[in-house]
Amino acid sequence: MTLPNGLTVEAARAEAERAYALDREHVFHSWSAQKQLTPMTITAAQGCYVWDGDGNRLLDFSSQLVNTNIGHQHPKVVAAVQEQAAKLCTVAPQHANAARSEAARLIAERTPGELNRIFFTNGGADAIEHAVRMARLHTGRPKVLSRYRSYHGGTETAINLTGDPRRWPNDRGASGVVHFYGPFLYRSQFYSRNETEETQRALAHLEQTIALEGPETIAAIVLESVPGTAGIMVPPPGYLAGVRELCDRHGIVFIADEVMSGFGRTGKWFAIEHFDVVPDLITFAKGVNSGYVPLGGVAIAPHIAASFDERAYPGGLTYSGHPLATAAAVATITAMAEEGIVDNAADIGARVLGPGLRELAERHPSIGEVRGLGVFWALELVRDKATREPLAPYGGTSPAMTELAAACRAAGLLLFVNYNRLHVVPPCTIAEAEAKEGLAILDEALAVADRHTAAA
């Protein structure tokens with residue numbers, strides 16, 4: 001048997017064994033206690049599948065870190081990187097180059113409103129860093145507001161903006177960040193009975209937070225258009241429009257974090273398009289080139305960009321707009337447009353994943369709620385549907401979740417697991433048959449979770 005990269009299973013296994021040994025000896029992993037790790041080795045990938053070190057094929061319902069929107073090893077993107085490497089591998093960011101210019105044009109064409117100036121970064125976290133810096137310089141104000149149950153990155157500003165437990169060991173309380181509660185009807189902080197109440201009460205809470213902090217001190221509100229790692233909580237109707245109105249009223253910059261939700265993930269180029277709202281800044285990364293080469297950026301509205309017409313913007317990166325990364329972005333965006341990949345994400349979500357996951361929820365007592373859009377879904381797993389007790393504690397895991405993830409992997413399905421949630425986030429290119437294959441595996445594996453519920 002030969003893998004998609006041309007290696008035999010035996011050769012891939014030997015390569016994997018060496019890679020694993022060297023990893024455990026030399027690699028320091030993120031977000032992990034190093035001695036507790038047994039990382040899976042990936043030896044090959046193609047489309048919606050990856051192969052582990054033993055030659056097992058797994059359907060990638062994680063898109064790795066929710067970034068391979070165009071799937072693995074897309075031939076047009078691979079060819080574009082190869083062609084760019086042969087032509088111009090690297091160039092300093094002060095020089096114009098064709099790949100960066102074209103990538104900026106293609107991104108600007110797809111952003112909502114007039115966000116047509118693009119500042120390139122190396123990834124999502126530094127996109128957030130620079131968006132916040134732009135907002136503070138534009139307004140002359142120090143504070144930034146962000147919601148609990150959010151994730152914005154691992155650098156200093158981004159991790160302090162983050163509203164999940166990864167912030168706690170890094171937060172010294174001196175970053176100028178204020179957190180507030182966003183809408184989340186299933187676990188509402190506002191005792192809401194429906195989406196209308198949740199929107200009204202969440203906006204009233206945010207308005208009060210602004211008033212108590214002092215509107216003249218607040219530079220920006222940073223929100224994921226659809227929170228990703230924190231649970232894929234689609235905002236209820238009217239919420240983001242209400243945030244936009246509050247920002248306009250008080251001269252606050254609205255930063256939409258689209259690092260995970262952008263570039264087709266929700267069935268539109270940017271998730272915020274679902275809500276007919278135009279922010280002042282959009283941060284992006286991940287899906288812009290499916291992570292083939294690290295790339296992120298900030299899309300900037302004209303009134304923010306004008307702040308730096310006559311004064312220098314005090315920030316930059318050696319690899320801003322790197323030719324290999326932006327060539328991959330050009331190929332990715334072009335392929336997504338030509339092949340109808342964004343429309344495919346919308347269609348698969350509406351016809352297959354959404355109905356299929358909701359049908360699973362009717363039969364499995366461990367599923368408390370199903371949430372999502374496009375190919376961006378979460379299953380909230382609970383011990384008891386009546387009390388909504390989570391199957392794992394906030395900020396932690398449990399034997400039930402560990403067993404469930406292992407059962408999925410053993411059956412050939414790779415999932416994104418976070419606390420008490422399973423995230424169903426396959427590539428935007430996934431076919432109907434592949435989506436149904438994944439749902440069938442998940443259906444069988446959820447029996448493991450069901451055994452840990454009050455109904456068992």
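Residues numbered from 1 in each chain as written. Predicted model: local features only at pLDDT ≥ 70, side-chain atom pairs only at ≥ 80, totals over all residues. Heavy atoms only, no water.

J.: For this particular structure, what's the right way to read the sheet that holds strand β10 (residues 296-300)?
T.: Sheet strands line up and pair through hydrogen bonds in the backbone, either parallel or antiparallel. The seven strands lie next to each other as β4-β10-β9-β8-β7-β5-β6, forming an open sheet whose pairing is mixed. Because the sheet does not close on itself, it has two edges, and the strands there are β4 (117-121) and β6 (177-180). Strand-to-strand twist of the sheet, defined as the mean angle between neighbouring strand axes without regard to direction, takes the value 20°. One ladder, built from four bridges, connects strand β9 (residues 281-284) with β10; its direction is antiparallel. Note that in β10 the partner of Thr283 across the bridge is Val298. Lying over the sheet, helix α4 (residues 98-110) contacts β4 and β9, oriented at roughly 120° with respect to β4. (Pairing = 2+ DSSP bridges. Helix = DSSP H or I, 4+ residues; strand = E, 2+ residues; numbered from the N terminus. Axes fitted to C-alpha atoms, helices over the stretch in contact; angles between N-to-C directions. Contact = heavy atoms within 4.5 Å.)

J.: Help me out: how do you make sense of the environment of Ala445 in this one?
T.: Position of Ala445 among the secondary structure elements: in helix α13 (residues 432-450). As a C-alpha pair, Ala445 and Glu403 span 42 residues in sequence and 9.1 Å in three-dimensional space. Sequence-distant contacts of Ala445, that is, excluding residues within four places in its chain, are made with Leu404, Ala407 and Cys408.

J.: Sorry if this is basic, but what is going on with the packing of helix α7 (residues 195-213) against helix α8 (residues 239-250) here?
T.: Between two packed helices, both the angle of their axes relative to each other and the distance between the axes serve to describe the pair. Here α7 crosses α8 at 25°, and the two axes come no closer than 10 Å. It follows from the interaxial angle that α7 and α8 lie roughly parallel. Relative to α8, the crossing made by α7 is right-handed. The residues of α8 that touch α7, namely those facing Thr199, Ala202, Leu203, Leu206, Glu207 and Ile210, are Tyr239, Gly242, Val243, Leu246, Arg249 and His250. Along the lines of polarity and charge, the residues of the contact of α7 with α8 split into seven nonpolar, three polar and two charged. (Parallel < 35°, antiparallel > 145°, perpendicular 65-115°, else oblique. Left-handed = near helix turned anticlockwise from the far one by under 90°. Nonpolar A, V, L, I, M, F, W, Y, C, P; charged D, E, K, R; others polar.)

J.: Would you take a moment to explain α8 for this structure?
T.: Residue pairs spaced three or four apart in an α-helix point in one direction, given the helix's 3.6 residues per turn. Look at α8: 17 Å from first C-alpha to last across 12 residues, which is about the 16 Å you get at 1.5 Å a residue. For α8, the full list of buried residues reads Tyr239, Leu240, Gly242, Val243, Arg244, Leu246 and Cys247. Its buried side turned inward, α8 meets β6, α7, β7 (218-224) and β8 (253-257). Just downstream of α8, Gly251 is the residue with a positive phi angle, here 70°. (Expected span 1.5 Å × (residues − 1). Buried < 20%, exposed > 50% of the residue type's maximum accessible area, 1.4 Å probe, protein only.)

J.: Explanation requested: the packing of aromatic side chains in the structure shown.
T.: One pair of aromatic rings is described through two measures. These are the centre distance and the angle between the planes. Counting across every chain of the model gives 10 aromatic pairs. Arranged with centres 5.2 Å apart and planes meeting at 40°, the rings of Tyr148 and Tyr181 form a pair that is tilted. With a gap of 33 residues between them, Tyr148 in the loop between β5 (143-147) and α6 (156-161) and Tyr181 in the loop between β6 and α7 connect regions that are remote in the sequence. Taken together through their ring pairs, the aromatic side chains of Phe120, Phe263, Trp269, Phe270 and Phe284 make up a single cluster. Seen from the ring of Trp269, Arg110 lies directly overhead, with NZ or CZ sitting 4.7 Å from the centre. (Phe/Tyr/Trp six-rings, centres within 6.5 Å; stacked < 30°, edge-to-face > 60°. Lys NZ or Arg CZ within 6 Å of the ring centre and 35° of its normal.)

J.: It is not clear to me how the nonpolar core should be interpreted in this structure. Could you clarify?
T.: In a soluble, globular protein the nonpolar side chains are often hidden away together inside. Counting residues in hydrophobic clusters, the biggest one holds 104 residues, and the most contacted among them are Ile221 and Leu442. In this structure, Leu442 is in contact with Leu357, Leu360, Leu379, Cys408, Leu413, Leu415, Leu422 and Val424, ignoring residues within four places of it in sequence. Residues Ala131, Val132, Ala220 and Val298 belong to the second largest nonpolar core, which totals 24 residues. (Core = buried A, V, L, I, M, F, W, Y, C linked by side-chain atoms within 4.5 Å.)

J.: Please clarify how the pattern of salt bridges should be interpreted in this entry.
T.: Working definition: two side chains of opposite charge can pair if their charged atoms are close together. A full pass over the atoms with the stated rule returns 24 salt bridges. A salt bridge links Arg371 to Glu380; the shortest N-O distance between them is 2.9 Å. With respect to class, Arg371 is no different from Glu380; both count as buried. In this structure, the salt-bridge partner of Arg383 is Glu389, at a minimum N-O distance of 3.6 Å. Since its relative accessible area comes to 41%, Glu389 is described here as partly exposed. One salt-bridge network, held together by shared partners, links Glu102, Arg105, Glu109 and Arg110. (Salt bridge = Lys/Arg side-chain N within 4 Å of Asp/Glu carboxyl O.)

J.: What should I look at first to understand the state of the cysteines in this one?
T.: In protein chemistry, a disulfide is the covalent bond that joins the sulfur atoms of two cysteines. Applying the stated criterion across every chain, the model contains zero disulfides. Counting only cysteine sulfurs, Cys48 is the nearest neighbor of Cys428, a cysteine outside any disulfide, at a range of 9.5 Å. By relative accessible area, Cys428 is classed as buried at 0%. (Disulfide = S-S within 2.5 Å.)

J.: Can you help me understand the sheet that holds strand β3 (residues 57-60) in this one?
T.: Taken in spatial order, the four strands make up an open sheet running β1-β2-β3-β14, and their pairing is mixed. Strand pairing shows two members of the sheet lacking a second neighbour, β1 (42-46) and β14 (413-414), which therefore form its edges. Bridge count between β3 and β14: two bridges; the pairing is parallel. What sits directly across from Asp60, in β14, is Leu414.

J.: Help me understand empty space enclosed by the protein in this model?
T.: Rolled over the atoms, a probe sized like a water molecule indicates the empty space that remains. Evaluation of the coordinates by the stated rule reveals one cavity of 30 Å³ or more. Of the pockets and cavities examined, the largest cavity occupies roughly 40 Å³. Taken together, Arg147, Pro183, Leu223, Glu224, Pro227, Pro235, Tyr239 and Leu240 form the lining of the largest cavity. Of all the secondary structure elements, the ones that give two or more residues to the lining of the largest cavity are β7 and α8. (1 Å grid on protein atoms, 1.4 Å probe; cavity = no way out; pocket = protein on both sides within 12 Å on 5 of 7 lines; lining within 4 Å. Points joined across faces, edges and corners; volume = space filled by probe spheres on them.)

J.: For this particular structure, what's the right way to read the pairing of β5?
T.: The side chains of a regular strand alternate between the sheet's two faces. Burial within β5 is extensive, with four of its five residues counted as buried. Pairing between β5 and β7: four bridges, direction parallel. The partner of Leu145 across the bridge, within β7, is Ile221. Bridge count between β5 and β6: four bridges; the pairing is parallel. Across the sheet, residue Ser146 finds its bridge partner in β6, namely His179.

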